[in-house]
Amino acid sequence: MFQKKRIATLTLGCKVNQYETDAVQELLSSAGYEIVEFQDSADVYLINTCSVTNVADRKSRQMLHRARKMNPEAVVIAMGCYVQSAAEELLQDPYVDLVVGNNKKKDIVSILEEYFRSSEKRPEVIDINDTEEYEELTIHEVSEHTRAYIKVQDGCNQFCSYCIIPFTRGRVRSRKMEDVLLEVEALAKNGYKEIVLTGIHLSSYGIDLWDRTEPDSGHMKKPVYGIEKSQLLELIQKVAKIEGIERVRLGSLEPRIITKEFVTELVKVKEFCPHFHLSLQSGCDQTLQRMNRHYTCEEYKKSCELLREAFDRPALTTDIIVGFPGETQEEFDETYRYLEKIDLYEMHVFKYSRRKGTRADQMKEQVPEQEKSKRSGLLLAMTTEQKKRYEDSFLGETVDILLEEEYEENGVTYFTGHTKRYQKVAVLGESLNTNEIVMVELSGRLESGMLTGNVVFK
């Protein structure tokens, strides 16, 4: 057996990618490899790439080339979504030694050891659109030390006109509930108190799982439309019951999953964090249609109303794309007025970025970059004001904070952490430690704008 090597990893893109990198690190560490920081000298550099936009593709190439320059003798591995969209290009890239696609990450140890034996550069890539296999990866430790993001679903069936993800991640594939629960139990034993359930299209969790055996037939039947609601809800309920888990949070959701039945049951789970990231993208129905989004602005508004009726001031956040092809000034104005009215806690505003391979890239009436920047600035100013108004409504109240890390401002050392609504707070108090939950009276803001408060009791 060859001498084990030092491996440095880098993650680009989403929380699902970070989860997969953490799992791959565990596989490599268990096989005897030494995991080092990316900026350190290493024998192997593994970049878990992103391909959500043309900019993400470019960043992936840049980091692969940077790794080669850091150590010209090292093995450079491209892994993940960019590999799925550009495998042939990467095979021709002299800076890259191995290309490992999605659903092949679990085999990283054998792939790497075979390369060390043969030095043969070959694609480790499957047709991701032609598989029903959920790639089972598991973690016991995560890069964040207080909350654990758990991947429970992969793939997407939505085919939004601006998005390449269905082609790089494939169709919806859900993780077996028992496997999720086993992983959460192990993380809870290692001290993690907060679990974030995440996926490529989390709202679709369960739609591909077999439901139950038909009476007397011995055959399995497929779930009916909407079963994802009960499957995801059931998963939340079971995770919340695991000893040691004090918080359960969700990644991004589609507004259609927010039904009266779903919310009525969810509000009963005391560990659940009332922070909902409901993807919107535009506040204009005509724009949503061109995006191939599967809801209307009125349906989104009703989802927000259901949540606000059930929970006390839930934190509602969203993503907005400005300058989508064909977005007129009138359509943007309609979006602006809509967003003023629904008054969300926070908006993540993105200027539309063309992505080769998508329908939107071929659309006429592309919006000039200068106009995108103008519209983005208007919405960023709006969300700054709305966020402050929402957070100010909690001043003087006592909330629980999960402490995460130390923070210094103007010579004073604080601990920072998040409320259940994912508001970041700087905390003053004695004998504080990371990964503990404390009750804090919110009293004001630091110069930086962050909420601050004092520990009332632990």
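Bear in mind that the values here come from a model prediction, so they are computed numbers and not experimental data.

What counts and what doesn't
Within any chain, residue numbers begin from 1 and follow the written order of that chain's sequence. Where totals are concerned, whole chains, interfaces and linings use all residues; where local detail is concerned, this predicted model gives features only for residues with pLDDT of at least 70, and gives and counts side-chain atom pairs only at 80 or more. Derived side-chain values reflect all non-hydrogen atoms in the structure, with water molecules and hydrogen atoms excluded from consideration. Each helix is a run of H or I in the DSSP string that is no shorter than four residues. Each strand is a run of E no shorter than two, and both are numbered from the N terminus. Every radius of gyration here is taken over C-alpha atoms, with the globule rule written as 2.2 Å times N^0.38, N being the number of residues. When a residue's accessible area, from a 1.4 Å probe over protein chains only, is under 20% of the maximum for its type it is buried; when over 50% it is exposed; and in between it is partly exposed. Any two residues whose heavy atoms approach within 4.5 Å at even a single point are treated as in contact. Here the open area of atoms and residues is found with the Shrake-Rupley method and a 1.4 Å probe, where only the protein chains shown may cover a residue. By the counting scheme adopted, Arg and Lys are positive, Glu and Asp are negative, and His together with the chain ends is not counted. Charge coordinates come from a single atom per side chain, which is NZ of Lys, CZ of Arg, CG of Asp or CD of Glu. We treat two strands as partners when DSSP finds at least two bridges between them. Every axis corresponds to a line fitted to the C-alpha atoms, with the helix fit spanning only the stretch in contact, and the corresponding angles, defined between N-to-C directions, vary from 0 to 180 degrees. Any carboxyl oxygen of Asp or Glu that lies within 4 Å of a side-chain nitrogen of Lys or Arg is treated as forming a salt bridge with it. Note on aromatic contacts: the rings of Phe and Tyr and the six-membered ring of Trp form a pair at centre separations within 6.5 Å, being stacked when their planes are under 30 degrees apart, edge-to-face when over 60 apart, and tilted otherwise.

Q: Help me understand the overall build of the protein, please; the structure alone is not making it clear to me.
A: In terms of regular secondary structure, the protein is built from 12 helices and 18 strands. What you see for the protein is a C-alpha radius of gyration of 23 Å, in line with the 23 Å of a compact globule of 458 residues. For the protein, the C-alpha atoms occupy an extent of roughly 65 × 65 × 60 Å along the three principal directions. In the protein, buried positions account for 55% of the 458 residues. Counted over contacts in the protein with a minimum sequence separation of 6, partners at least 24 positions apart contribute 73%. Of the roughly 20600 Å² that the protein leaves accessible, carbon and sulfur atoms contribute 48%. The average position of the 62 basic charges and that of the 77 acidic charges among the side chains of the protein differ by 3 Å.

Q: Would you take a moment to explain the sheet that holds strand S8 (residues 173-174) for this structure?
A: Strand pairs in the sheet, formed through backbone hydrogen bonds, run parallel or antiparallel to each other. Pairing is mixed in the open sheet, where four strands are placed in the order S8-S7-S9-S10. Each of the sheet's edge strands pairs with one partner strand only, and the pair in question is S8 and strand S10 (247-250). Bridging between strand S9 (residues 194-199) and S10 involves four bridges; their strand directions are parallel. Paired with Ile195 across the two strands is Val248, which belongs to S10. Strands strand S7 (147-154) and S9 of the sheet are contacted by helix H1 (residues 15-30), whose axis makes an angle of about 105° with S7. In the packing of helix H6 (residues 177-189) onto the sheet, contacts are made with S7 and S9, and the angle to S7 comes to roughly 170°.

Q: I tried to follow the pattern of salt bridges on my own but got confused; where do I start?
A: Side-chain pairing between opposite charges can occur once the charged atoms of the two side chains come close. Following the criterion strictly, the structure yields 43 salt bridges and no others. Here Arg249 and Glu194 are joined by a salt bridge, their closest N and O atoms 3.0 Å apart. Of the two residues, Arg249 sits in strand S10 while Glu194 sits in strand S9, which places them 55 residues apart along the sequence. The exposure classification of Arg249 matches that of Glu194, with both residues buried.

Q: Is there a simple way to think about the pairing of S9 in this case?
A: Consecutive residues of a regular strand have side chains that alternate between opposite faces of the sheet. With respect to burial, S9 is a largely interior element, six of its six residues being buried. Neither face of S9 is left uncovered, since the one carrying Glu194, Val196 and Thr198 and the one carrying Ile195, Leu197 and Gly199 both have all their residues buried. As defined by bridge partners, S7 adjoins S9 across six bridges and the pair is classed as parallel. Bridge assignment links Arg147 to a residue of S9, and that residue is Glu194.

Q: For this particular structure, what's the right way to read the packing of aromatic side chains?
A: The geometry of two aromatic rings is summed up by the distance between their centres and the angle between their planes. Inspection of every chain in the model, using the stated rule, returns 12 aromatic pairs. Aromatic side chains Phe272 and Phe311 sit 6.1 Å apart centroid to centroid with 45° between the ring planes, which places their arrangement in the tilted category. In this pair, Phe272 sits in the loop between helix H8 (260-266) and strand S11 (275-277) while Phe311 sits in the loop between helix H10 (297-310) and strand S12 (315-322), placing the two residues 39 residues apart along the sequence. The burial state of Phe272 is the same as that of Phe311; both residues are buried. Measuring from centroid to centroid gives 6.3 Å for Phe332 and Tyr336, while their planes differ by 55°, and the two rings are tilted.

Q: Would you take a moment to explain the sheet that holds strand S13 (residues 346-351) for this structure?
A: The strand order across the open sheet formed by three strands is S11-S12-S13, and the pairing between neighbours is parallel. Since the sheet does not close on itself, it has two edges, and those belong to S11 and S13, each with one partner. The average undirected angle you get between the axes of adjacent strands in this sheet is 15°. Bridge count between S12 and S13: six bridges; the pairing is parallel. Within the sheet, the bridge partner assigned to Val322 lies in S13 and is Lys351. Together, S12 and S13 form the strand contacts of helix H12 (residues 369-392), whose direction differs from that of S13 by roughly 170°.

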